[in-house]
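Spelled out from the first residue to the last, the chains are:
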Amino acid sequence: MAIQTPRTAALEQEPPITHLKSPYFGREKTSGEAANTRRFGRIFNVAENRPPPQSVTTVLTFVPRSVPAQPAPSRRSSHSSPASGAVPAPQPRPPRPSRRAPRAMAAPALCRRCGQWALRRAPLPPPPRRRAHEQARRARGAAGLLAAQCERGLFQEVFPAQSAEEQLPALLQPGRPPLAAYCGFDPTADSLHVGHLLPVMALLHFQRAGHDVIAVVGGATARLGDPSGRERAREPLPAGRVRAHARALRAGLERLFGNHRELFWEPGAGRLGRAALLDNARWLGREPLLRFLGGAGGRLRMGTLLSRQSCQARLRSAEGMSLAEFLYPALQAYDFLHLHQRHGCRIQLGGHDQMGNIMSGYELVTKMTGTDVFGITVPLITSTTGDKLGKTAGNAVWLNRDKTSPFELYQFFVRQQDNVVEKYLKLFTFLPLEEIAHIMEMHAKEPEKWGPQKRLAAEVTKLVHGREGLESAKRCTKALYYSSVEALEEMSDQELQELFRQATSAELMLEPGMTVLDLCRKANAIPDGPSGYRKITDGGVSINGNRVTNPETVLILGQHILKNGVSLLRVGKKNYYIIKWLQL
């Protein structure tokens, strides 16, 4: 019979403990150095297929390792009589001095036990909503940047697992000296797209936590092409085009950091880390080939590079892999080394498909400097068919206004389905999790209002295009979907061209007695003869959102011609004509 002590008896009376994976480390990868990479788990989620009890409060407590788990006594032994041959229990030993008494916290807190997290649930009445929100906010602040972004789902993997588990959470705790983190963006196009937003959001969250961030434009590496996730080599880009693309990407990154500082950061909220924009052509373009091969090249192992999944896939393909592509991870690793030596950078951020390149950077930096550095990946944004959003797949939603207007960006996020909108609110916005939960609760009651989608679209459009870009998107939405004449009158020529990209523009002089039929014929919107006349009488023509069925109607200022001197003529369902009136 197991010896009963006050400690073990107390453990038997308490609810069972469910062991969770660490919030930073979990499932191992499968090849080479990737075995050290662990997938993040959810912080406060219990095991799958086990529904949580109603009205419970989650409390994480520390269980001393020295106390063995005691089996629960069976009913038969508990009701046995001395005549049944049961041996009487010996006298319990005096309890050991308590290392640390377990204490119940008002909100979930993080406690480490042998590399795992222990979750204890005790049924308690639910606290008031406002108090629960405050408690959760305090708990996340104490947990640090890693735990908070893991809870949002932004940080997906960390490398290397062991040293990161031992050092990184403490290094990123509030009150510690700031670290420097960087992320690279190759200028293969003249604009960032929605797929780049998550790495940018990761940089912004580091900056909001008081750390310094570096955005590196790959003016040198873009000329080689990253083989990660590609079935064939990129088309080589001329040096002049790469330089032009790099300038455009720097302008886009500056706009994102500027909009965040102006619209999403309160001056009294604490230290906002510094942000720097660099181009790796400044150091890679000046590095002699022999010095690079003799220095960084001598530290990287061929077997490790060949074992990468991206390299293996390309080597098995019919086209094979060029030497330039094979050396791409080495050049990106040299970026990490240069930034570590010149700017003290210790963290590299990247998409989930960049883990192999991040491993190469870790290997090079640690071998040449002996300093522990880390890599963190963010999820990849995919379409409804599972394809990665980007230029290669042909489904990119660009962040530059001349390629994707604020209205188009706004509509992209408004059209997101219910099954991903909560996830996107956590990934693409800075809204507190409590506010996101409230938005989703209201959406469950009134799904026809599309509240989460509209809030998501507004937050992203404001970050990308600023407050004026958001107002422009809303005006275009009202004009197109609600036939708002007021919105049309407030729209600029640029907004009209963005809203109706395929529309034909025409400049006309308003003549006395000019009719709807005259307008349509001068704009070449209807054919000559009776067929064009019937097009109007059959209701196929509208001006400023109002259908016109009388071809002889005389044009009237304020009705057919707006205050801004523009008329929007539509023939059929999709044929738009923007008419600009001269000398009104």
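This is a predicted model, so every value here is computed, not measured.

**Q** Outline the overall build of the chain, listing residues and values.
**A** When helices and strands are tallied, the chain shows 22 helices and 15 strands. Within the span of the chain, comprising 584 residues, buried residues form 47% of the whole. Sequence-distant contacts in the chain: of pairs separated by 6 or more residues, those separated by 24 or more amount to 76%. If you sum the accessible surface of the chain, you get close to 30400 Å²; carbon and sulfur atoms cover 51% of it.

**Q** Just give me the short version of the nonpolar core, but keep the residues and values in it.
**A** Core analysis: the biggest nonpolar cluster contains 65 residues, and Leu168, Phe185, Phe206, Ile347, Leu349, Ile376 and Phe428 have the highest contact counts within it. Beyond its immediate chain neighbours, meaning those up to four positions away, Ile376 contacts Leu146, Phe155, Glu157, Val158, Leu168, Phe206, Ile347, Gln348, Leu349, Gly350 and Ile358. Counting residues in each nonpolar core, the second largest holds 27 residues, with Phe159, Val216, Ala220 and Leu331 among its members.

**Q** Tell me about helix 17 (residues 433–445), and please be specific about residues and values.
**A** With 13 residues, helix 17 should reach 18 Å at 1.5 Å per residue; the first-to-last C-alpha distance of 19 Å fits that figure. Among the residues of helix 17, Leu433, Glu434, Ile436, Ile439, Met440 and His443 are the ones counted as buried.

**Q** Explain a nonpolar patch on the surface residue by residue, including any values.
**A** Among the surface-exposed residues, Met302, Leu306 and Leu315 lie close enough to one another that they form a single nonpolar patch of about 270 Å² accessible area. Topologically, Leu306 is positioned in helix 10 (residues 302–306). Overall, Leu306 belongs to the partly exposed group, its relative accessible area being 33%.

**Q** Can you tell me about the packing of helix 15 (residues 406–414) against helix 18 (residues 451–481), naming the residues and giving the values?
**A** Following both chains from N to C, one finds helix 15 and helix 18 inclined at 100 degrees, their axes separated by 7 Å at the closest point. What the angle tells us is that helix 15 and helix 18 run roughly perpendicular. Looking at the contact of helix 15 with helix 18 residue by residue, the class counts come to 16 nonpolar, six polar and one charged.

**Q** An account of the pattern of salt bridges is requested, with residue identities and associated values reported.
**A** Across all of its chains, the model carries 16 salt bridges by this definition. For Asp212, the salt bridge goes to Arg271, with nearest N and O atoms at 3.0 Å. With a gap of 59 residues between them, Asp212 in strand 7 (residues 212–217) and Arg271 in the loop between helix 7 (239–263) and strand 8 (275–279) connect regions that are remote in the sequence. Judged by its relative accessible area of 12%, Asp212 is buried. Arg271 sits in the partly exposed class, given a relative accessible area of 38%.

**Q** A description of the packing of aromatic side chains should follow, citing residues and the corresponding values.
**A** The tally for this structure, following the rule as stated, stands at 10 aromatic pairs. A connected cluster of aromatic rings, assembled from ring pairs, spans Phe412, Phe413, Tyr424 and Phe428. Positioned over the ring face of Phe430 is Arg208, at 4.3 Å from the centre of the ring. Seen from the ring of Trp398, Lys403 lies directly overhead, with NZ or CZ sitting 4.7 Å from the centre.

**Q** Run through unusual backbone geometry, naming residues and quoting values.
**A** In this chain, Phe159 is followed by Pro160 through a cis amide linkage whose omega measures -10 degrees. Checked against the element boundaries, Pro160 lands in the loop between strand 5 (157–159) and helix 5 (161–171). Positive phi outside glycine occurs at Asn524, with the angle close to 55 degrees. A relative accessible area of 64% places Asn524 in the exposed class. Of note, Asn544 is a non-glycine position whose phi angle comes to about 55 degrees, a positive value. You can see Asn544 is positioned in the loop between strand 12 (541–543) and strand 13 (546–548).

**Q** Which residues make up the sheet that holds strand 11 (residues 504–509), and what values go with them?
**A** Strand order in this open sheet of five strands is 11-15-14-12-13, and the pairing throughout is mixed. At either end of the open sheet lies a strand with only one pairing partner, and these are strand 11 and strand 13. For this sheet, the mean inter-axis angle between neighbouring strands, taken without regard to orientation, is 30 degrees. Here strand 12 pairs with strand 14 (residues 566–571) via three bridges, running antiparallel. The partner of Ile543 across the bridge, within strand 14, is Leu569.

**Q** Which residues make up the environment of Arg247, and what values do they have?
**A** Residue placement: Arg247 occurs in helix 7. Since its relative accessible area comes to 49%, Arg247 is described here as partly exposed. Taking C-alpha positions, Arg247 is 8.1 Å from Asp190, a pair spaced 57 residues apart along the chain.

**Q** Help me get a handle on the packing of helix 16 (residues 418–428) against helix 17, residues and values and all.
**A** Here helix 16 crosses helix 17 at 160 degrees, and the two axes come no closer than 10 Å. On the basis of their axis angle, the class for helix 16 and helix 17 is roughly antiparallel. The handedness of the crossing between helix 16 and helix 17 is right-handed. Residues Asp418, Val421, Glu422, Leu425 and Lys426 of helix 16 lie in contact with helix 17, whose contacting residues are Leu433, Ile436, Ile439, Met440 and His443. Residue composition of the contact of helix 16 with helix 17, by class: six nonpolar, one polar and three charged.

**Q** Provide a residue-level description of the pairing of strand 10 (residues 374–378), including the pertinent values.
**A** The buried fraction of strand 10 is high, at five of five residues. One ladder, built from three bridges, connects strand 5 with strand 10; its direction is antiparallel. Residue pairing for strand 10: Phe159 is matched across the bridge by Gly375. The pairing of strand 9 (residues 345–351) with strand 10 spans five bridges and is parallel.

**Q** Pulling in residues and values, what's your account of the environment of Ala181?
**A** Looking at the secondary structure, you find Ala181 in strand 6 (residues 180–185). According to the relative accessible area criterion, Ala181 is buried, its value standing at 1%. Separated by 26 residues in sequence, Ala181 and Gln207 have C-alpha atoms that sit 9.1 Å apart. Those residues in contact with Ala181 that sit more than four places away from it in its chain are Leu203, Phe206, Asp212, Val213, Ile214, Cys345, Ile347 and Leu349.

**Q** If you had to explain the confidence of the model for the chain to someone new, which residues and values would you point to?
**A** One rule of thumb: low pLDDT means the predicted coordinates there are not for detailed reading. Predicted confidence across the chain gives a mean pLDDT of 79, with 74% of residues reaching 70 or more. Within the model, the stretch residues 97–143 combines pLDDT values under 50 with 92 contacts to residues more than four positions away or in other chains.

**Q** Any chance you could break down the side chain of Arg475 for me, citing the residues and the numbers?
**A** In this structure, Arg475 sits in helix 18. Relative accessible area serves as the criterion here: at 16%, Arg475 is assigned to the buried category. Excluding residues within four positions of it along the chain, Arg475 makes contact with Glu468, Ala487, Glu490, Met491 and Glu495.

What counts, and at which threshold
Note that residues are indexed from 1 along each chain, following the sequence as it is written. Confidence filtering applies because this is a predicted model: local features only for residues at pLDDT of at least 70, side-chain atom pairs given and counted only at 80 or more, and all residues used for totals across whole chains, interfaces and linings. Heavy atoms throughout the structure, all of them, feed into the side-chain values; hydrogens and water do not. Strands are runs of DSSP state E lasting at least 2 residues, helices are runs of H or I lasting at least 4, and numbering of each runs from the N terminus. Type-normalised accessible area, obtained with a 1.4 Å probe on protein chains alone, sets the label of each residue: buried when under 20%, exposed when over 50%, and partly exposed for intermediate values. The criterion used for residue contact is that any of the two residues' heavy atoms lie within 4.5 Å. All accessibility values rest on the Shrake-Rupley procedure with a 1.4 Å probe; residue burial counts only the protein chains present in the view. Here, the term nonpolar core denotes a set of buried Ala, Val, Leu, Ile, Met, Phe, Trp, Tyr and Cys residues that are joined through side-chain atoms within 4.5 Å. Helix span, expected: 1.5 Å multiplied by one less than the number of residues in the helix. Distance thresholds for patches are 9 Å for like charges and 5 Å for nonpolar side chains (Val, Leu, Ile, Met, Phe, Trp, Tyr), applied to residues having over 30% relative accessible area and no salt bridge. Basic side-chain nitrogens of Lys or Arg form a salt bridge, by our definition, when they fall within 4 Å of a carboxyl oxygen of Asp or Glu. For every element, the axis is a line fit to its C-alpha atoms; helices are fit only across the contacting stretch, and the angle between N-to-C directions ranges from 0 to 180 degrees. Any angle that falls under 35 degrees is termed roughly parallel, while one over 145 is termed roughly antiparallel, one within 65 to 115 roughly perpendicular, and all others oblique. When residues are sorted by character, Ala, Val, Leu, Ile, Met, Phe, Trp, Tyr, Cys and Pro go into the nonpolar class, Asp, Glu, Lys and Arg into the charged class, and all the rest, Gly among them, into the polar class. The criterion for an aromatic pair is that two Phe, Tyr or Trp rings (for Trp, the six-membered ring) have centres within 6.5 Å, with stacked assigned to planes under 30 degrees apart, edge-to-face to planes over 60 apart and tilted to the rest. By definition here, charges over rings are those cases where NZ of Lys or CZ of Arg is within 6 Å of the ring centre and within 35 degrees of the ring normal. For two strands to pair, DSSP has to find at least two bridges joining them. When the near helix sits turned anticlockwise from the far one by under a right angle, the crossing is termed left-handed; a clockwise turn instead gives a right-handed crossing. pLDDT runs from 0 to 100 and stands for how confident the predictor is about each residue.

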